[in-house]
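Fold and geometry: a report
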Amino acid sequence: MRGHVPALEVRAMKRSALDPFVKMALATPDGHPIEAVRIPLERTGRFSACVSSQAGCALACAFCATGRLGLARNLATWEIVEQVRLVRATLARGERVHGVVFQGMGEPLANVERVIDAIRVLSDSCALAIDARAITVCTSGLPSGIRQLAREVPKVRLGVSIFSARAEVRRRLMPIAATHPLSEVIAAVEEHVHLSGIAPMWAVTPLEGINDTTDDAVALADLVRTFTARTGVRPRLSVVPYNAIDVGGSDPYARGDVAAFVERLVAHGLRPHLRYSGGADVAAACGQLAGQA
């Protein structure tokens, strides 16, 4: 009697010289390149696994390297879970994967059924035994997927890429906003809060002269206040510095003045968190994953 256990090919491991981030260049059995990142946490010996949910991505966000690839296919449930297992296999005795973030290649909620199945395996005490509250699913804004996530895995945290609270700015660089405007996305996030009781994480990446202006800060502050008034829950606002995505020998955007933008947000009553995005020297930072071995 014979059996076959599929596996992801580990093509390369790239360790950042800047910080303890490690990128794993992987390949699916049919040859599609995907990437996962081992992220160190503040507590020694604990890590998060940043995993991909698709090979490529169809959403074409202009500031994301993955979005320039197009979509090859959705990943199977086992291919998602296997990324976490492979990250765990790199750890020393006494170290562990404490959390998982669906912020690698692809839009998780465009593959929501398999992502939810993977979450159930990851959080099962007889499988990888990762606390569901330490799992975060990040989305560019698919309302139906947000609602399904709330219904089926309500303990999992939700991250939303806001980019800009000004609709015309968001539409310019996030094509999904033409189909699902921010107002529709926020309505789904409100439902997620009512069902889960968990504050969402809102992410903003300042680009110079595009969404790092005073007008953007004011619009974002207004959106946070309205959301808080409607739900009783204040979203956790995360400011993520832009990481270069070289296109044809030059980068299409410039990093906004992150410190000044944070000051503007604070001046308008917000409490933003400046997220450290590591591994940029090996293209492992937010927005840089592009399936390169």
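Before reading further, recall that the structure is shown in the block above.
Residues numbered from 1 in each chain as written. Predicted model: local features only at pLDDT ≥ 70, side-chain atom pairs only at ≥ 80, totals over all residues. Heavy atoms only, no water.

**Thoughts on the overall build of the chain**
Put simply, the rule reads: To qualify as a helix, a DSSP run of H or I must reach at least 4 residues; to qualify as a strand, a run of E must reach at least 2; elements of each kind are numbered from the N terminus. C-alpha atoms define the radius of gyration in this analysis, and the globule rule sets the expected value at 2.2 Å times the number of residues to the power 0.38. Relative accessibility under 20% of the residue-type maximum defines a buried residue, over 50% an exposed one, and the middle range a partly exposed one, all with a 1.4 Å probe and only protein chains included. Any pair of residues with heavy atoms lying within 4.5 Å of one another is described as a contacting pair. The Shrake-Rupley method, run with a 1.4 Å probe sphere, supplies the accessible areas, and residue values consider only the shown protein chains as cover. Neither His nor the chain ends is counted toward charge; the positive residues are Lys and Arg and the negative residues Asp and Glu. Charged side chains are reduced to one point each, which is NZ for Lys, CZ for Arg, CG for Asp and CD for Glu.
Assigned secondary structure in the chain consists of eight helices and twelve strands. A compact globule built from 293 residues should have a C-alpha radius of gyration of about 19 Å, and the chain, at 18 Å, falls within 12% of that. For the chain, the C-alpha atoms occupy an extent of roughly 65 × 45 × 40 Å along the three principal directions. For the chain, buried positions account for 55% of its 293 residues. For the chain, the proportion of contacts with a sequence separation of at least 24, taken over those separated by at least 6, is 66%. Approximately 13,000 Å² of the chain is accessible, and the part contributed by carbon and sulfur atoms is 51%. The average position of the 33 basic charges and that of the 28 acidic charges among the side chains of the chain differ by 6 Å.

**Concerning the packing of aromatic side chains**
The criterion, for reference: Between the rings of Phe, Tyr and Trp (Trp by its six-membered ring), a pair exists once the centres lie within 6.5 Å; its type follows the angle of the planes, with under 30 degrees stacked, over 60 edge-to-face, and the other angles tilted. A ring has a charge above it when a Lys NZ or an Arg CZ is no more than 6 Å from the ring centre and no more than 35 degrees off the ring normal.
All told, the structure shown has four aromatic pairs when counted by the stated rule. Plain terms: the ring middles of Trp202 and Phe227 are 5.1 Å apart, the flat faces sit at 70° to each other, and that makes the pair edge-to-face. Here the residue Trp202 occupies a position in strand β10 (residues 201-204), and Phe227 occupies one in helix α7 (residues 214-231), the gap between them amounting to 25 residues. When sorted by exposure, Trp202 lands in the same class as Phe227, which is buried. For the ring pair Tyr242 and Tyr253, a centre distance of 6.2 Å and an interplane angle of 90° mean the geometry is edge-to-face. Of the two residues, Tyr242 is situated in the loop between β11 (236-239) and α8 (258-267) and Tyr253 in the loop between β11 and α8; the sequence distance between them amounts to eleven residues. Look at Tyr253 and you get buried, because its relative accessible area is 19%. Over the aromatic face of Phe47 sits the side chain of Arg38, whose NZ or CZ is 4.9 Å from the ring centroid.

**Some details on the environment of Glu42**
Checked against the element boundaries, Glu42 lands in the loop between β3 (33-40) and β4 (46-50). Take Glu42: its relative accessible area is 85%, and that puts it in the exposed class. For the pair Glu42 and Trp78, spaced 36 residues apart in sequence, the C-alpha to C-alpha distance is 29 Å.

**Structural notes on the packing of helix α6 (residues 182-196) against α7**
Put simply, the rule is: What counts as an axis is a line fitted to C-alpha atoms, over the stretch in contact for a helix, and the angles between N-to-C directions run from 0 to 180 degrees. In this scheme, a crossing is called left-handed if the near helix is turned counterclockwise away from the far one by less than a right angle; it is called right-handed if the turn is clockwise. Residue type decides the class: Asp, Glu, Lys and Arg count as charged, Ala, Val, Leu, Ile, Met, Phe, Trp, Tyr, Cys and Pro as nonpolar, and the leftover types, Gly among them, as polar.
Two elements in contact, α6 and α7, have axes separated by 10 Å at closest approach and are oriented at 35°. As α6 runs across α7, the sense of the crossing is right-handed. Mapping the contact onto sequence places Leu182, Ile186, Val189, Glu190, Val193 and His194 in α6 and Leu223, Phe227, Arg230 and Thr231 in α7. For the contact of α6 with α7, the class distribution of residues is six nonpolar, two polar and two charged.

**Focus on the environment of Arg271**
Checked against the element boundaries, Arg271 lands in the loop between α8 and β12 (273-274). Judged by relative accessible area, Arg271 falls into the exposed class, the value being 63%. Along the primary structure Arg271 and Arg234 are separated by 37 residues, whereas in three dimensions their C-alpha atoms are 9.9 Å apart. Once you skip the residues sitting within four places of it in the chain, Arg271 turns out to touch Arg234 and Leu237.

**With respect to the state of the cysteines**
Rules: Whenever a pair of cysteine sulfur atoms sits within 2.5 Å, that pair is classed as a disulfide.
Under the defined criterion, the tally for this structure stands at zero disulfides. No disulfide involves Cys64; its sulfur sits 6.4 Å from that of Cys61, the nearest cysteine.

**Considering the pattern of salt bridges**
As a reminder, the rule being used: By convention in these notes, a salt bridge is any Lys or Arg side-chain nitrogen within 4 Å of a carboxyl oxygen on Asp or Glu.
According to the stated counting rule, one finds 13 salt bridges in the structure shown. The partner of Glu9 in a salt bridge is Arg11, and the shortest N-O contact between them spans 3.6 Å. When the shortest N-O distance is used, the salt bridge between Glu190 and Arg230 registers 2.8 Å. Placement of the pair is Glu190 in helix α6 and Arg230 in helix α7, with a sequence separation of 40 residues. Overall, Glu190 belongs to the buried group, its relative accessible area being 10%. A residue is classified by how much of its surface remains accessible, and Arg230, at 56% relative accessible area, is exposed. Sharing partners across several salt bridges, the network here consists of Asp30, Arg73 and Glu79.

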